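# Close look at the chain arrangement
Now for the letters of each chain:
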Amino acid sequence: MKFAYQNSTKIFFGQGQIEAIATAIPADSRVLVVYGGGSIKKNGVYDQVVTSLAQHQWQEFSGVEPNPTKETLDKAVEIVKSDRIDFILAVGGGSVIDGCKYIAAASHYAGDGWDILVGKHTVTSATPLGAILTLPATGSESNSGAVITKAETQDKLPFLSPFVQPMFAVMDPDVMKSLPERQLVNGLVDAWVHVCEQYLTFNHGHMVQDGYAEVLLRNLKQLADQYPQRDSDEWRANLMWTANQALNGLIGSGVPHDWATHMIGHELTALWHVDHARSLAIIQPSLLRNQLDNKRAKLEKLGTEVFRLPQTGDLAERTIDAMEALYNNLGVSTKLTEYQGEKTAAVDKVIEQLQKHGMVALGETQAITIEQSKAILQDAIA
Ligand code: NZQ
Ligand code: ZN
């Protein structure tokens, strides 16, 4: 176990915390407030931002779409450059926050921002940013990752940089009251899979990371079980904080990571606009069955510690069944139906994209080769 761990994002958690931005953003900043399709104008979040920024000089950029595109974000990059913006405030879910990370990094670079995603440019500085989270799911509000799409070529790629770690994140669970059911469920599923990507690998005996991951999974299972009672302050706060902890770097420190479900899932989103969380629910059960022998020990541990399943010879198999049932009970499908045309053509299309993106040896031991991805997709695509 060897790692460096720092999470520098200051968290303002709880009801009414949006007003904290009044002092969290340096008073002399020229602020760009960035948001998505306008949900914040209907649920009162925008009004709270306006009130809290009364003493600041600010302007806004809207229209960041779910699965944010470079094409849209580049317009904001131009504004940051031309108007000498020196603070970016993201107000939204993972898409807006990721989009702001791209804007922050690309605005400190003279070339095409996409170079960051393809590894042609390494980020060495960025415009400072903060976030007001409106959808608990990705953990983007206090991590250094972002996933950006190039619509033109249907590429959806991640980048990581400590320079785009938000300075602060406001997490007021009240903002979740306006979330459509679909997004609420997506958040729960995404957070669940984030923990799995960092936990369901092989036995390493790192007790803190494993133990805390199990706590988070038990929370998410309980919140899923209590889904009919979701209209409560407690339920919302617990989901928001659990989803944050699932991907803030802590449980991933010093342990092997998988992320194959995410990398294959991103291709489904880029090709057929499948919601991010739903792409994961489609891929993960098939992937776990494909990798059963490599992951048996941790699947058994998850089955025991989270689902409290009895110790039988097929415990790992039944753990995957229990995870699939958890998704299905939330109304989330575990088979892809959104593709157009023949199934074999759909499998080939995803494989082609994975090859193009160099995703040819995925997972904690690089065991998921193109052959394995193909078998996984044949099982996952209806
Ligand atoms: O556009 P607006 O109006 O904001 O509406 C959004 C959007 O339509 C809506 N919404 C958000 N908060 C709301 C609300 N509607 C009503 N009330 C509210 N309070 O929900 C829709 C989806 O929003 P989006 O931000 O796209 O969802 P999510 O937070 O799930 O983010 C998904 C994106 O994050 C990336 C995904 O790939 C995807 O692009 N991820 C980022 C990660 C990271 N940075 O660490 C890790 C994740 O694995 C993930 O890949
Ligand atoms: Zn995710």
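Within any chain, residue numbers begin from 1 and follow the written order of that chain's sequence. A letter from A marks each chain and a number from 1 marks each ligand, given out in the order of writing. The predicted nature of this model means local features are confined to residues of pLDDT at least 70 and side-chain atom pairs, given and counted, to a pLDDT of 80 or more, with totals for whole chains, interfaces and linings taken over all residues. Each side-chain value is derived from all of the structure's non-hydrogen atoms; neither hydrogens nor water enter the calculation.

## Observations regarding the overall build of the protein chain
Helix and strand definitions here come from DSSP, where helices need a minimum of 4 consecutive H or I residues and strands a minimum of 2 consecutive E residues; each element is numbered from the N-terminal end. Helix and strand counts for the protein chain stand at 15 helices and ten strands. In this setup the radius of gyration rests on C-alpha atoms only. A globule is expected at 2.2 Å times the number of residues raised to 0.38. The C-alpha radius of gyration of the protein chain comes to 20 Å, within 12% of the 21 Å expected for a compact globule of 382 residues. The principal-axis extent of the C-alpha atoms belonging to the protein chain is close to 65 × 45 × 45 Å. Here, residues are in contact when the closest pair of their heavy atoms is within 4.5 Å. Sequence separation of 24 or more characterises 78% of the internal contacts of the protein chain that already satisfy a separation of 6 or more. A 1.4 Å probe and the Shrake-Rupley method give the accessible areas. Residues count as covered only by the protein chains that appear here. Of the roughly 15,400 Å² of accessible surface on the protein chain, a fraction of 51% belongs to carbon and sulfur atoms. Counted as positive: Lys and Arg. Counted as negative: Asp and Glu. His and the chain ends are not counted at all. A single reference atom marks each charge: NZ on Lys, CZ on Arg, CG on Asp, CD on Glu. Charged side chains in the protein chain number 32 positive and 44 negative. The centres of these two groups are separated by 1 Å.

## Details of the pairing of strand β8 (residues 168–171)
Think of it in three bands: with a 1.4 Å probe and only protein chains considered, a residue is buried below 20% of the maximum accessible area for its type, exposed above 50%, and partly exposed in between. Where burial is concerned, the two faces of β8 agree: the one with F168 and V170 and the one with A169 and M171 are both buried. If DSSP finds at least two bridges between two strands, the strands pair. Judged from the four bridges that link them, strand β1 (residues 10–13) and β8 form a sheet pairing that is parallel. Residue pairing for β8: K10 is matched across the bridge by F168. With two bridges joining them, strand β5 (residues 129–133) and β8 adopt parallel strand pairing. Bridging across to β8, I132 finds its partner in V170.

## Re the coordination of the zinc ion (ligand 2)
Metal coordination here is assigned from N, O and S atoms located within 2.8 Å of the ion, or within 3.2 Å for Na, K and Ca; omission of water means that sites may look incomplete. Listed as protein donors to the zinc ion (ligand 2) are D190 (OD), H194 (NE2), H262 (NE2) and H276 (NE2); their distances from the metal cover 2.0 to 2.1 Å. The motif formed by the donor residues of the zinc ion (ligand 2), counted along the single chain, is D-x3-H-x67-H-x13-H. Here H262, found in helix α10 (residues 260–272), pairs with H276, found in helix α11 (residues 276–290); they are 14 residues apart in sequence, far enough to count as distant. Neither residue differs from the other here; H262 and H276 are each classed as buried.

## Considerations on the sheet that holds strand β2 (residues 30–35)
Read across the open sheet, the six strands follow the order β1-β8-β5-β4-β2-β3; overall the sheet is parallel. Lying at the two open borders of the sheet, with one neighbouring strand each, are β1 and β3 (57–61). Each neighbouring strand pair of the sheet contributes to a mean axis angle of 20°, computed without reference to strand direction. Here strand β4 (residues 87–92) runs beside β5; their pairing, made up of five bridges, is parallel. Looking at β5, one finds that A90 is bridged to A131. Here helix α4 (residues 70–82) sits on the sheet in contact with β2, β3 and β4, set at roughly 160° to β3. Only C-alpha atoms enter the line fits that serve as axes; for helices the fit covers just the stretch in contact. Angles between N-to-C directions range over 0 to 180 degrees. Docked against the sheet, helix α9 (residues 233–246) engages β1, β5 and β8, running at close to 170° with respect to β1.

## Focus: the packing of helix α8 (residues 207–225) against helix α12 (residues 292–305)
Packed helices, taken two at a time, are described by the angle their axes make and the gap between the axes. Their axes nearest at 10 Å, the elements α8 and α12 cross at an angle of 50°. Judged on the interaxial angle alone, α12 and α8 are oblique. The chirality of how α8 crosses α12 is right-handed. In contact with D210, E214, L217 and R218 of α8, α12 contributes K298, K301, L302 and E305. Note that Gly is not counted as nonpolar here; it falls among the polar residues with everything else outside the nonpolar set of Ala, Val, Leu, Ile, Met, Phe, Trp, Tyr, Cys and Pro and the charged set of Asp, Glu, Lys and Arg. Here the contact of α8 with α12 is built from residues that sort into two nonpolar, no polar and six charged. Angles are sorted into four bins: roughly parallel if under 35 degrees, roughly antiparallel if over 145, roughly perpendicular if 65 to 115, and oblique for all others. Each crossing is labelled by how the near helix is turned from the far one, with a counterclockwise turn of less than a right angle marking it left-handed and a clockwise turn marking it right-handed.

## Observations concerning the UniProt feature "domain: Alcohol dehydrogenase iron-type/glycerol dehydrogenase GldA" (unreviewed entry) in the protein chain
UniProt positions are given in the numbering used here, feature names are shortened, and annotations may be inferred rather than shown by experiment. The feature "domain: Alcohol dehydrogenase iron-type/glycerol dehydrogenase GldA" (unreviewed entry), as given by UniProt, occupies residues 9–173 in the numbering adopted here. Helix and strand shares over residues 9–173 are 28% and 25% respectively, and the end C-alpha atoms of the span are 18 Å apart.

## Considering the domain arrangement of the protein chain
Taken domain by domain, the protein chain holds domain 1 (10–175) and domain 2 (180–380). Domain boundaries shown here were taken from an automatic or database domain assignment. Once you take the C-alpha centre of each, domain 1 and domain 2 turn out to be 26 Å apart. Two parts lose some accessible area (1.4 Å probe) when they are put together, and adding that loss for both gives the buried area. Summed over both sides, the interface of domain 1 with domain 2 buries roughly 2,100 Å², with 60% coming from carbon and sulfur. Summed over the three residues of domain 1 that lose the most area to domain 2, namely P136, Q154 and K156, the buried surface amounts to 28% of that side. For this document, the term salt bridge refers to a Lys or Arg side-chain nitrogen within 4 Å of an Asp or Glu carboxyl oxygen. Salt-bridge contacts for D155 lead to K356; the nearest nitrogen and oxygen are separated by 2.8 Å. Between N or O atoms, a polar contact is any pair within 3.5 Å; within protein, one atom must be a potential hydrogen donor and the other a potential acceptor, and residues adjacent in sequence are included only when both atoms are from side chains. In this assembly, domain 1 and domain 2 are joined by eight residue pairs in polar contact (both at pLDDT 80 or more). Every element with two or more residues in the side of domain 1 that touches domain 2 is listed here: β1 and β7 (155–160). With four residues, β7 is the largest single contributor of residues to the side of domain 1 that touches domain 2.

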